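Here are the chains, one letter per residue:
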Amino acid sequence: MRLKFPACLIAFLLVVFAASPALADGLVNMGHISGPHTRLLLTSSQKLSLDKGARSIELTGAQKKALGHIASAKNVGRLSVLPKTIQTCTCELSNVSIRLNRDSIEVADNLLGRTFASPLEVMFRSRQRSWQLAQRDAPLSQPPKAEELLNARGNEAGTSIERSISFYKQALAVNPNYVLARRNLANCYSQQAWHSLMEKRDSKKACRLFELALANAEPSDEVFRARTESDLSFARSLGDR
């Protein structure tokens, strides 16, 4: 009995892992989509196109209607069609199906309408959110002129980041100890650096801007400084490639 229990337990766990797309992360299991899926019938033209080697199909009105119970499928107009024997994970797949037989496909419900943000964008948004939370508790008791200069940036529609930097520098000239202005200035340099990485792929300029962000950061903002140092190292590593 002692030998049977572990064997049963292992068998049970294998079934659970195979049946769960979140754990197995495989697109296909035993010839079917792992996890929630919807079966669609192919039209004659779709079958002919796939028979000739096409790897995707344009959905018909009826097929879109059949996927109507899936909110993320609202704007999906085309599906990739893969063989049911394919062995792949779902980490980089979107709007995908497998061909069960000549007449039908099986659609992966959870992958419909899936969008991907670049790693750089994800990292940038995380940094921006952390900064917003940090500035919330910054002291605001400052000379009226310094506050006026700080708020001018926020009140000007379409203000460029360069102009924002100018306002923050002016506010700091009135009061060098204005924490919020200094945080904003350091964050502007950090945003410019990420823009150079994300949009221009200019790692050298990004490094210079991250260095400016560190030079202007509040000494007490340890989290911002640590993350900016990490960002600077990341930008430098891109320049070494």
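Refer to the structure above for everything that follows.
Quick summary incoming for the structure in this document.

Calculation rules
Residues numbered from 1 in each chain as written. Predicted model: local features only at pLDDT ≥ 70, side-chain atom pairs only at ≥ 80, totals over all residues. Heavy atoms only, no water. Helix = DSSP H or I, 4+ residues; strand = E, 2+ residues; numbered from the N terminus. Buried < 20%, exposed > 50% of the residue type's maximum accessible area, 1.4 Å probe, protein only. Contact = heavy atoms within 4.5 Å. Areas by Shrake-Rupley, 256 points an atom, 1.4 Å probe, with all protein chains shown as cover. Arc of directions from axis to C-beta. Patch = residues over 30% accessible without salt bridge, like charges linked within 9 Å, V, L, I, M, F, W, Y side chains within 5 Å. Salt bridge = Lys/Arg side-chain N within 4 Å of Asp/Glu carboxyl O. Lys, Arg positive; Asp, Glu negative; His and termini not counted. Charge placed at Lys NZ, Arg CZ, Asp CG, Glu CD. Axes fitted to C-alpha atoms, helices over the stretch in contact; angles between N-to-C directions. Parallel < 35°, antiparallel > 145°, perpendicular 65-115°, else oblique. Left-handed = near helix turned anticlockwise from the far one by under 90°. Nonpolar A, V, L, I, M, F, W, Y, C, P; charged D, E, K, R; others polar. Phe/Tyr/Trp six-rings, centres within 6.5 Å; stacked < 30°, edge-to-face > 60°.

**As for the overall build of the protein chain**
Then, in step 1: A tally of regular secondary structure across the protein chain gives 10 helices and seven strands.
Then, in step 2: Out of the 241 residues in the protein chain, the part that is buried amounts to 38%.
Then, in step 3: Taking the contacts inside the protein chain whose residues are at least 6 apart along the sequence as the reference set, 55% of them involve residues at least 24 apart.
Then, in step 4: Carbon together with sulfur atoms contributes 55% to the accessible area of the protein chain, which is approximately 14600 Å² in total.

**Some words on helix 3 (residues 44-51)**
Helical geometry note: an α-helix holds 3.6 residues per turn, so side chains three or four residues apart project in the same direction.
Then, in step 1: Residues of helix 3 that are buried: Gln46, Lys47 and Leu50. One side of helix 3 carries all its buried residues, which in axial view fall inside an arc of 100°. Exposed and facing more than 90 degrees away from the buried side of helix 3 are Ser44 and Ser45.
Then, in step 2: Close packing links the buried residues of helix 3 with strand 3 (37-41), strand 4 (56-58), helix 4 (61-66), strand 5 (78-83) and strand 6 (96-101).
Then, in step 3: Phi turns positive one or two residues past the end of helix 3, at Gly53, with a value near 110°.

**Here's the deal with a positive patch on the surface**
Then, in step 1: Residues Lys200, Lys204, Lys205 and Arg208 make up a contiguous surface patch of positive charge.
Then, in step 2: Looking at the secondary structure, you find Lys200 in the loop between helix 8 (179-198) and helix 9 (203-216).
Then, in step 3: Classification of Lys200 by relative accessible area gives exposed; the value is 51%.

**Focus on the packing of helix 7 (residues 161-174) against helix 8**
Then, in step 1: Running from N to C, helix 7 and helix 8 cross one another at 155°; their axes reach a closest spacing of 9 Å. Taken together, the axes of helix 7 and helix 8 are roughly antiparallel relative to one another. Viewed along their axes, helix 7 and helix 8 form a crossing whose handedness is left-handed. Residue-level inspection shows Ile161, Glu162, Ser164, Ile165, Tyr168, Lys169, Ala171 and Leu172 of helix 7 in contact with helix 8, the latter providing Ala181, Arg182, Asn184, Leu185, Cys188, Tyr189, Gln191 and Gln192.
Then, in step 2: Along the lines of polarity and charge, the residues of the contact of helix 7 with helix 8 split into nine nonpolar, four polar and three charged.

**What about the packing of aromatic side chains?**
Then, in step 1: Applying the stated criterion across every chain, the model contains two aromatic pairs.
Then, in step 2: Here the aromatic rings of Trp194 and Phe210 are separated by 5.9 Å at their centres, their planes lie at 80°, and the arrangement is edge-to-face. Here Trp194, found in helix 8, pairs with Phe210, found in helix 9; they are 16 residues apart in sequence, far enough to count as distant.
Then, in step 3: A relative accessible area of 0% means that Trp194 is categorised as buried.
Then, in step 4: With a relative accessible area of 0%, Phe210 lands in the buried category.
Then, in step 5: Joined through ring pairs, the aromatic side chains of Trp194, Phe210 and Phe234 make up one cluster.

**Some details on the packing of helix 9 against helix 10 (residues 222-239)**
Then, in step 1: At a closest axis distance of 9 Å, the pairing of helix 9 and helix 10 adopts a crossing angle of 160°. The angle between helix 9 and helix 10 places the two elements in the roughly antiparallel class. The two elements helix 9 and helix 10 meet at a crossing, and its hand is left-handed. Residues Ser203, Ala206, Cys207, Phe210, Glu211, Ala213 and Leu214 of helix 9 lie in contact with helix 10, whose contacting residues are Phe224, Arg225, Thr228, Glu229, Asp231, Leu232, Ala235, Arg236, Leu238 and Gly239.
Then, in step 2: Residues belonging to the contact of helix 9 with helix 10 are distributed by class as follows: nine nonpolar, three polar and five charged.

**Points about the side chain of Ser203**
Then, in step 1: If you trace the backbone, Ser203 turns up in helix 9.
Then, in step 2: Once residues within four sequence positions are removed from consideration, Ser203 is found in contact with Leu197, Ala235, Leu238 and Gly239.

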